Structure formats: C-alpha cells, structure tokens
Amino acid sequence: MSAAVLQYDFRSDTVTRPSPAMRAAMAAAEVGDDVFGDDPTVKRLEQQVAERLGKEAGLYVPSGTQSNLIALMAHCERGDEYIVGQQAHCYRWEAGGAAVLGSIQPQPLANQPDGTLLLADIEANIKPDDPHYARTRLLALENTIGGKILPQTYVEAATALARRHSLSCHLDGARVFNAAVAQGVPVETLARPFDTVSVCLSKGLGAPIGSVLVGPAALIAKGRRLRKMLGGGLRQVGILAAAGLYALEHNVERLADDHANAQALAQGLAKLPGLKVTPPDTNIIFVEVPADIAPAFAEHLAQHGVKVTSAYGATRQRWVTHLDVDRAAVEQALLVASRFFANR
Ligand SMILES: *Cc1c(COP(=O)(O)O)cnc(C)c1O
C-alpha cells in the first residue's frame, strides 16, 4: 500500500470532510421529525440562510441538484421552458432532471467566456405567446460559474430584461458565498435580483451534505411538496442541518483563504513550462496542458498524491482549493508539479 504518499485532493471543494468541531455540533443537535415540521435545527438553518440572502423562506434539501430541480419545478409547469447556459450546472450536469421529472424544456444558450449569456441571445429566445411554442417562464443564472464571478451590473441587466418579459429568475448560487467573499459584498446583494437562490453547504463551506433553496414563502411551500415527491423529505435531519449552521458561522469568511491559495497555486502553475493557467476569480483554476505531456503529467501528479480533475485526454485540468488544502498543501503540490518538469 502507498500509505506513505500524502494525499492533496484538489479535485473539488466537495471533498472536504467535517472537522471534529463540526462533528461535535452535529452530535449535539436538537432534532425532530422534519417532515412533520418538528426539527428545530432544520428550521433554524432554513431561517438563517433565508435571512442572509434576504428572502422570505428557506427549504433544506439533500443536494444542490435537488434544490435546482425543485426550483425549476416550482417556477415552471409541464410544457414551460427555462432559459439557461450551455455550461450551467442545472442544464448540463444534473442528468436532465428538469426534462425527465418536470417535463420542463430547457432553452440552452452559449455561455460567453466570462460565464454570462448575451442579453441579445436571451431576448431573442423568449418565445411569444403562441401555441407553437413552449411557454418561456424562467431565466436561470449561475454565480459563481466555473469559479468565475458574474459581474453584478450584468446580473442586474439580465434579470431586468427577464422581468420586462414577465419571466421569473433563479440563481444557482451553489458557490454564491465565494462570489460574495471575493468581492467583499453582502451575499444578500448578489441574491437580490432573483426570486429564488440555491446555496450549497457541502462545497467550500465544508458541510458533509445539504443545500438550501430560498425564495418567496408561497414558492418555498410549493417546493416543500415537490421535495416530498422527489424523496427528499427527511426525518431527524437536524443532525445534518447542524453541520450547515456550523458552516455558516465558521466557514464563510475563511473562503478568502481558499481564494488566496488559488491565486498562489495559479501563479506557481503558470511558471511551469507550457502550462496555460486561467487566473482564478475565486477557488477554481483551469489549466491547459500541452497534449504531448498531458497524460504523463496527470500520471505523475496522481502517483505523488496530488489529485486533480482531468478531461479531454488530461489536457484540461481543474484544480479547486478548499478548507482541507492549506497553503502548505498548495506548496507541496507545486513542488510535485515542478519536479515533473525538472526531470524531463
Ligand atoms: C455542485 C453544484 C450543484 C449540485 O450540487 P450537488 O449537491 O452536488 O447535487 C449545483 N450547481 C452548481 C453550480 C454546483 O457547483
């Protein structure tokens, strides 16, 4: 066994494990049957997230995927459509759930390199009221998207355009706290233009599970029924919600450390021959590796305990910083990476 090889896991911020203090908070949680509305810890979490995002109500759900699906199904009826980016998680990475389970048609649009959708594309794809067309009901944006922060002026313009056409607006804010901390703005400001926002607790915030969907009380009540329908009604789940409360209290401001570590990692990788590094806005770094060295470089990293996500024959790598990889881990990973080039 390779017990001696230390592991530095940069694949995703989902790999974080609950700390001893978080586990202690979970063990101490007051619980009840949440399907009966009896779990005080879940209620506290739902209220806290709703308040922080400036919305009326919140709904605790097992995953970000279920949160987005519930939002889409709460906003759209069967035969409606939502406008969304080709790269958006709730279009591309959620197994087509809105179509399969909600009979909701996506209208995907190209994401620009900065993650935005062109306003002209959005406007051109809002269908008139005509029996030939699905009813366009919703604009769904994502912030951060691929680690990039959507410019708030853009968000204001896109949602204003949607409103002029009577569309609702949903934000997949899985990492919206990263966007808020990186810009030094209240998360409420980023949430304000949207009816509903979905936030992940299990990414950089470090909880083992859970997302919260926030929005108007009536829509969240509809969402509560959908959650039950989708199998997401859970019982003494305060034991998990306690991890979310702990994360909100202790792990939001420290996202700045992840962003600083991502900068250091990006700068170090950019110095290595042939690597093309996109400077990160937050905690996600994309690295283009020349095709002739890509498989060997990926193999070298893996052999030395540095885990990254690779795609397209390992020519495109994703490195994500999070609370389980500190500055020392970043420096170690850079050392491992640089040795690959030193030995050639
Ligand atoms: C991770 C993620 C989700 C889904 O969350 P899961 O808990 O993995 O289902 C949704 N949207 C974005 C942008 C994400 O990064």
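These numbers come from a predicted model, not from an experiment.

Time to look at empty space enclosed by the protein. Using the criterion set out here, one finds 3 cavities of 30 Å³ or more in the structure. In this structure, the largest cavity spans a volume of roughly 70 Å³. Lining the largest cavity we find Thr65, Leu69, Leu72, Cys90, Tyr91, Glu94, Gly96, Gly97 and Ala98. Among the elements that make up the lining of the largest cavity, the one with the highest residue count is helix H3 (residues 64–75) (3 residues). Of the residues contributing to the lining of the largest cavity, the split by class is 5 nonpolar, 3 polar and 1 charged. Quantified by volume, the second largest cavity comes out at close to 50 Å³. Residue lining of the second largest cavity: Gly85, Ala88, Asn111, Gly115, Thr116, Leu117, Ala140, Leu141, Glu142, Ile145, Leu150 and Tyr154, and that is the complete set.

On to the sheet that holds strand E9 (residues 276–278), then. In space, the 4 strands of this open sheet follow the order E9-E10-E13-E12, with antiparallel pairing throughout. For this open sheet the edge positions go to E9 and strand E12 (309–311), each flanked by a neighbour on one side alone. Sheet twist, expressed as the average angle between the axes of neighbouring strands with direction ignored, equals 20 degrees. Of the pairings in the sheet, the one linking strand E10 (residues 284–288) to strand E13 (residues 316–320) comprises 5 bridges and is antiparallel in character. Within E13, the position partnered with Ile284 by the bridge is Val320.

Attention now moves to the layout of surface pockets. Considered as a void within the structure, the largest pocket measures approximately 1,100 Å³ in volume. In this structure, the largest pocket is lined by 39 residues; those nearest its centre are Trp93, Gly146, Phe286, Arg316 and Arg318. In terms of residue class, the lining of the largest pocket is made up of 11 nonpolar, 18 polar and 10 charged. Inspection of the lining of the largest pocket shows a minimum of three residues originating in each of domain 1 (31–250) and domain 2 (254–342). If you add up the space inside the second largest pocket, you get close to 200 Å³. Lining the second largest pocket, in full, are Gln7, Tyr8, Asp9, Arg11, Val15, Arg17, Lys307, His322, Asp324, Val325 and Ala329.

Rules of the game
The residue count restarts for each chain, going from 1 along the sequence in the order it is written. Residue-level local features of this predicted model are given only where pLDDT is at least 70; pairs of side-chain atoms are given and counted only at 80 or more, and the full residue set underlies all totals for whole chains, interfaces and linings. Where side-chain values are given, they derive from all heavy atoms of the structure, hydrogens and water being excluded. Definitions used for this entry: grid spacing 1 Å over protein atoms alone; cavity, a set of points where a 1.4 Å probe fits but cannot get out; pocket, an open set with protein on both sides within 12 Å along at least 5 of 7 lines; lining residue, one with an atom within 4 Å of a point. Grid points are joined across faces, edges and corners, and a volume is the space filled by probe spheres set on the points. We count a stretch as a helix when DSSP gives it H or I for four or more residues in a row; a strand needs E for two or more, and each element gets its number in order from the N terminus. Each residue is assigned to one class: nonpolar for Ala, Val, Leu, Ile, Met, Phe, Trp, Tyr, Cys and Pro, charged for Asp, Glu, Lys and Arg, and polar for all the others, Gly among them. By definition, two strands form a pair when at least two bridges between them are found by DSSP. Axis angles are defined between N-to-C directions and span 0 to 180 degrees, where every axis is a line fitted to C-alpha atoms and, for a helix, only to the segment in contact. Where each domain starts and ends comes from a domain assignment, either automatic or drawn from a database.

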